[in-house]
Amino acid sequence: MNNKYLKTLTNGLVTENPLFRLVLGTCPSLAVTSAVENGFWMGILVTFVLTCSNVLISMLRKVIPAKIRIPCFIVIIATFVTIVDLVMEAYLPAMHKTLGIFIPLIVVNCIILARAESFASKNNVVLSALDGVGMGLGFMGALMIVATFREILGNGTFFGFHVMGEGFPVAKIMVQAPGAFLTLGLVLGAINLVANHKKAA
Amino acid sequence: MRLKTFRGGIHPPKNKFTALDAIRPMTVPQLVVIPLQQHVGAPCQPLVKVGDLVKMGQKIGEAKAFVSAPVHASVSGKVKAIGLVDGTLGKKIMAITIENDYQDTPDESISGQKNLDNMTPDDIRNMVREAGIVGLGGAGFPTSVKLSPPADKKIEMLIMNGVECEPYLTCDQRVIIEETDTMILGIRAMMKALGVNHAYIGIKITMEGAIEALHEKILNEKGIDVVPLVPKYPQGEERQLIYAVTGREVPSGGLPHDVGVVVANVATAWAIGRTLQTGMPLIERIMTVGGAVQNPGNFTVRVGTKIEDMMMAVGGYSGTPGSIIVGGPLTGFAQFHTNIPLTKQNNGFVVLTKEQAEPGEMTDCIHCGLCVQACPCRLVPHQLSKYAKNGDTAGLEQFNILDCRECSSCAYVCPAKIPLLHYMRVGKNYVMAKRAEQKK
Amino acid sequence: MDEMKLIVQAPPHIRSPLTTKKIMFTVVLALIPAASAGVVFFGMRALLHMVLSIAAAVLTEFVLQRLLRKKVTIADGSAVLTGLLLGMNLPVAAPLWIGVVGSIFAISIVKQAFGGLGQNFMNPALAARAMLMAAWPNQMVQWVTPLDAIATATPLAIAKAGIPDTATLPLLWDMFIGFIGGSIGETSALALLVGGIYLIYKELIDYRIPLAYLGTVFILASIFGADGLNSGLFHLLAGGVMIGAIFMATDYVTSPSTATGRWIYGIGCGLITIMIRFWGSYPEGVSFSILLMNIVAPLIERFTIPRKFGEVKKK
């Protein structure tokens, strides 16, 4: 019993990391990873929304008719996204402005819909909650990893703190869109290399 | 005067070292091996058994089908064996081995000289068929069939292929220079059989001595003209030759008679002329032995002579041989060993050194487009080879793989040393296999 | 006699003496006049840039191919050529590490990540240059005058700033020889033309691409420029059009292999270059125009497949 719960929790962290292994939610990943702090907060928001929506959908899974399940999921997810949007605006207005339109876009974040469809609608509440937490934290970790490369190389800072010396020639491209694609691509490539190596071993 | 040509093509080194060597008789060997299929079409049925005595020119293989041609003994002697031997294409073929008695006794059926004026077109066709004459340019298509085009195709002219675009080979050149009268007699016979008034002989302007030799003789011949052509490979390809001489393109999947033309090699005309002059069927032809041998040259060779016997006669190899190619180095067949009989279709063989034959290091395709420029059929070889590698029959058919004439221009020119012709063949096999499956 | 080992292969049994390696190194040879002009005008630092770029490109390819357990192909000269072209596209005053970073990017990402030789979807040297421009825009526009290394603006930058006075624009003759500010290898039209004519004579580049590209630039600049034919000549000699049209756009892998396709491709490059130079926000448009045309080159090739010999027209 323990194993199942533990497995569900840790699944989303590494083995089935939503960004690096399932390659879901790439859109916000490319957009908000120009700074580690942004990635951190996006991760927090997604974890919250994912966990809450997973729980609610799991509670209602026997009630929601199969034919209209997607609109139902969206309504549920949108409710929680609205909550975080308003909370952010009230208590962290600067970050709310930085993340901008990507907060409302959490509604259509593939991770949340995918987990709702493939896990929460088929499993009990506890497992769904654990899945949400695991996936959310995994997503946050992934965002922060990508953002680390981009912020250090593109801005010379980490979480806002200067970590590279004065003379470090920052590569502006890293905090722009091309840099996002390059970084994500290279990180995914490296992870695939390791994963394939492990499989072959 | 503007020379005629076609678009595309390549300029390999001509290496016509034996161009000025007069034809010599090749030593007649002790054993000749007569394959039962020396032509396109159904193989012959043997008419003799082991132990039979045969005469020179005797028919020893019967051709029943329409697209076929009989085979004859090229020496007199005793039938030693009838069985499978190694052939030039790397496959085993059925052949009759005859032990030479060095008497050269002619067969009783040889009736001697014939008069072209007394022969009807049907007579000519029968004579050509009975003499076993096939296309001597290498394809070996039965000439009697070529002279019998379908009734609904109107033939306007005969085009003689005197181009000989492959490097090293000079046998056709010597036929044009030394056997001009015999060749012209053969051309006349073909013109009569087809009922045409015009014949054009396509010759490259760089073929030394040929235009001069023909010029005098042609002056008195009505309806036969020489067409000088740009020296380019593969000008001798049937379709490119027709295009250069007439400006007409043979439709894809069609044949020359679709554009009112029949094409034949000058050596084939020579064979017809020879049969008219002597009554003897096709038992010998001119061949070139070229490349890294002691005494290269042009020879009159009896059908069925083995390569190893010819090698002895030319004094052996010059250095260590790399490849032995039957035919020319651009489209010929590499041999595994020399115990191989040469047939009516073969115009000789070339010995290449290791340096010449080594394919060189292959790199990835760099998309340089040289193959696209070279292809005389205006295909895109690099793309077709990629489809062939992946077995993509849809792509192969869309880009016309079956129109490839396998002239090797693309593979010659490729700087990445990719075996393009090999891929063309692979591609064609895929497409033909798929079509066969769909028919079921 | 039959113990000899004969080579048996599909025809042809003889091949043209041209090899991939010969092509790459001949193009390098054709670039020597322009590279030398760069050293003459901009000093030893220019040579250092080129050497570092070439070394970085070759080393990157070697290391990557070893790591990925592939056949090491640095001897075919393609990495050398990419490194040299990238080095020639740098301003001499740029930091010395910039060519190294660019070369690493060009070889590892633009070339090897997509499949190696023959598979890159963009010109690697040009893509690297674009990346460097986006990453370090300040360092990549530090132009200096030749010989005395004073900070200056390129002719195109001057023209873009809208100064119509021909007194501030350099003489056309200076632009032809190369006495102007610019990247190490792009300034001397004369040296580049010498190399280009040599390559066309050797039939290693198709004349269609440079002719279409340069022709389009000349004609459009003459029509839309302020000074008629003089504008046409100015735009031919200014910036990277010469090196772009002769050495970059003609890269085999990223240009169409059909004759008609090459005309279209060259004209497209010229069109986009002029559009960016005249109406875009950058003073120079060569890099982006070639990169954009690189991306559509396969499409162009697909639509310009020649009519096959003996094609039966469907009625």
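In case you missed it, the structure is sitting above this.
Residues numbered from 1 in each chain as written. Chains lettered and ligands numbered in written order. Predicted model: local features only at pLDDT ≥ 70, side-chain atom pairs only at ≥ 80, totals over all residues. Heavy atoms only, no water.

### Describing the sheet that holds strand S6 (residues 71-72) of chain B
All names here are of chain B. Note the threshold: If DSSP finds at least two bridges between two strands, the strands pair. Runs of E in the DSSP output that reach at least two residues are strands. Runs of H or I that reach at least four are helices, and both are numbered from the N terminus.
Pairing is antiparallel in the open sheet, where three strands are placed in the order S3-S5-S6. On the outer flanks of this sheet lie strand S3 (45-46) and S6, each paired with one strand and no other. As paired strands, strand S5 (residues 59-62) and S6 are joined by two bridges and run antiparallel to one another. Residue pairing for S6: Gly 61 is matched across the bridge by Val 71.

### Comments concerning the interface of chain C and chain B
For the record, the criterion: Note on definitions: a residue-residue contact is assigned when non-hydrogen atoms from the two residues lie within 4.5 Å. Here's the idea: put two parts together, see how much 1.4 Å probe accessible area each one loses, and the total over both is what we call buried area. The salt bridge criterion pairs a side-chain nitrogen of Lys or Arg with a carboxyl oxygen of Asp or Glu, the two atoms within 4 Å. Counted as a polar contact is a pair of N or O atoms within 3.5 Å, where, for protein atoms, one must be capable of donating a hydrogen and the other of accepting one, and residues adjacent in sequence contribute only when both atoms are in side chains.
Taken together, the contacts link 39 residues of chain C with 67 residues of chain B. With both sides pooled, the region where chain C packs onto chain B buries about 4,600 Å², and carbon together with sulfur makes up 59% of that total. Interface area lost by chain C to chain B is led by Ile14(C), Arg15(C) and Phe309(C), which between them contribute 18%. At the surface where chain C touches chain B, the tally comes to three salt bridges. The closest approach of N and O atoms between Lys308(C) and Asp403(B), which form a salt bridge, is 2.8 Å. Inspection of the region where chain C meets chain B yields 23 residue pairs in polar contact (both at pLDDT 80 or more). Of all the elements in the fold, those that place two or more residues in the side of chain C that touches chain B are helix H1 (20-42) and helix H13 (286-303) of chain C.

### A short note on the arrangement of the chains
For the two pairs of chains in contact, the maximum contact count is reached by chains B and C. Considering only C-alpha positions, the minimal separation of the non-contacting chain A and chain B is 24 Å.

### Concerning the nonpolar core
The line we're drawing: We define a nonpolar core as any set of buried Ala, Val, Leu, Ile, Met, Phe, Trp, Tyr and Cys residues linked to one another through side-chain atoms lying within 4.5 Å. Three exposure classes are used, based on accessible area relative to the maximum for each residue type with a 1.4 Å probe and protein chains only: buried under 20%, partly exposed in between, and exposed over 50%. Each domain's extent is set by a domain assignment, obtained either automatically or from a database.
With 117 residues, the main nonpolar core has Ile159(B), Met88(C), Leu132(C), Tyr213(C), Phe247(C), Tyr265(C) and Ile290(C) as its most contacted residues. With 12 residues, the single largest contributor to this core is H1(C). The two domains that each donate at least three residues to this core are domain 1 (116-278) and domain 2 (370-439) of chain B. Each residue touching Ile159(B), except ones within four places of it in the same chain, is listed here: Tyr200(B), Leu241(B), Ile242(B), Val245(B), Thr246(B), Val261(B), Val262(B), Val263(B) and Ala264(B).

### Digging into the side chain of Asn161(B)
Tracing the sequence through the fold places Asn161(B) in strand S9 (residues 157-161). With residues up to four places along the chain from it excluded, the contact list for Asn161(B) reads Gly202(B), Gly236(B), Leu241(B), Val263(B), Ala264(B), Asn265(B) and Val266(B).

### A word on the sheet that holds strand S2 (residues 31-35) of chain B
Spatially, the four strands line up as an open sheet ordered S2-S8-S7-S4 (chain B), and their pairing is antiparallel. Two strands close off the open sheet at either side, each with one partner strand: S2 and strand S4 (53-54) of chain B.

### Here we look at the environment of Pro341(B)
Residues and elements named next belong to chain B. Inspection of the secondary structure assignment puts Pro 341 in the loop between strand S16 (333-334) and strand S17 (348-353). Residue classification places Pro 341 among the buried residues on the basis of a relative accessible area of 3%. In this structure the C-alpha to C-alpha distance between Pro 341 and Thr 305, which are 36 residues apart in sequence, comes to 5.3 Å. Leave out the neighbours within four places in its chain, and Pro 341 touches Val 33, Pro 35, Val 85, Asp 86, Thr 88, Gly 304, Thr 305 and Lys 306.

### Focus: the side chain of Ser255(C)
Along the polypeptide, Ser255(C) turns up in the loop between helix H11 (241-248) and helix H12 (259-279). For Ser255(C), a relative accessible area of 2% puts it in the buried group.

### Digging into helix H6 (residues 110-120) of chain A
Residue and element names in this part refer to chain A. Rules: Throughout, the arc means that of the directions going from the helix axis to the C-beta atoms.
For H6, every residue scored as buried is listed here: Ile 111, Ile 112, Arg 115, Ala 116, Phe 119 and Ala 120. An end-on view of H6 places all buried positions within 130° of arc, on one side of the element. Among the residues of H6, the N-terminal cap falls to Asn 109, whose side-chain oxygen and the backbone nitrogen of Ile 111 are separated by 3.0 Å.

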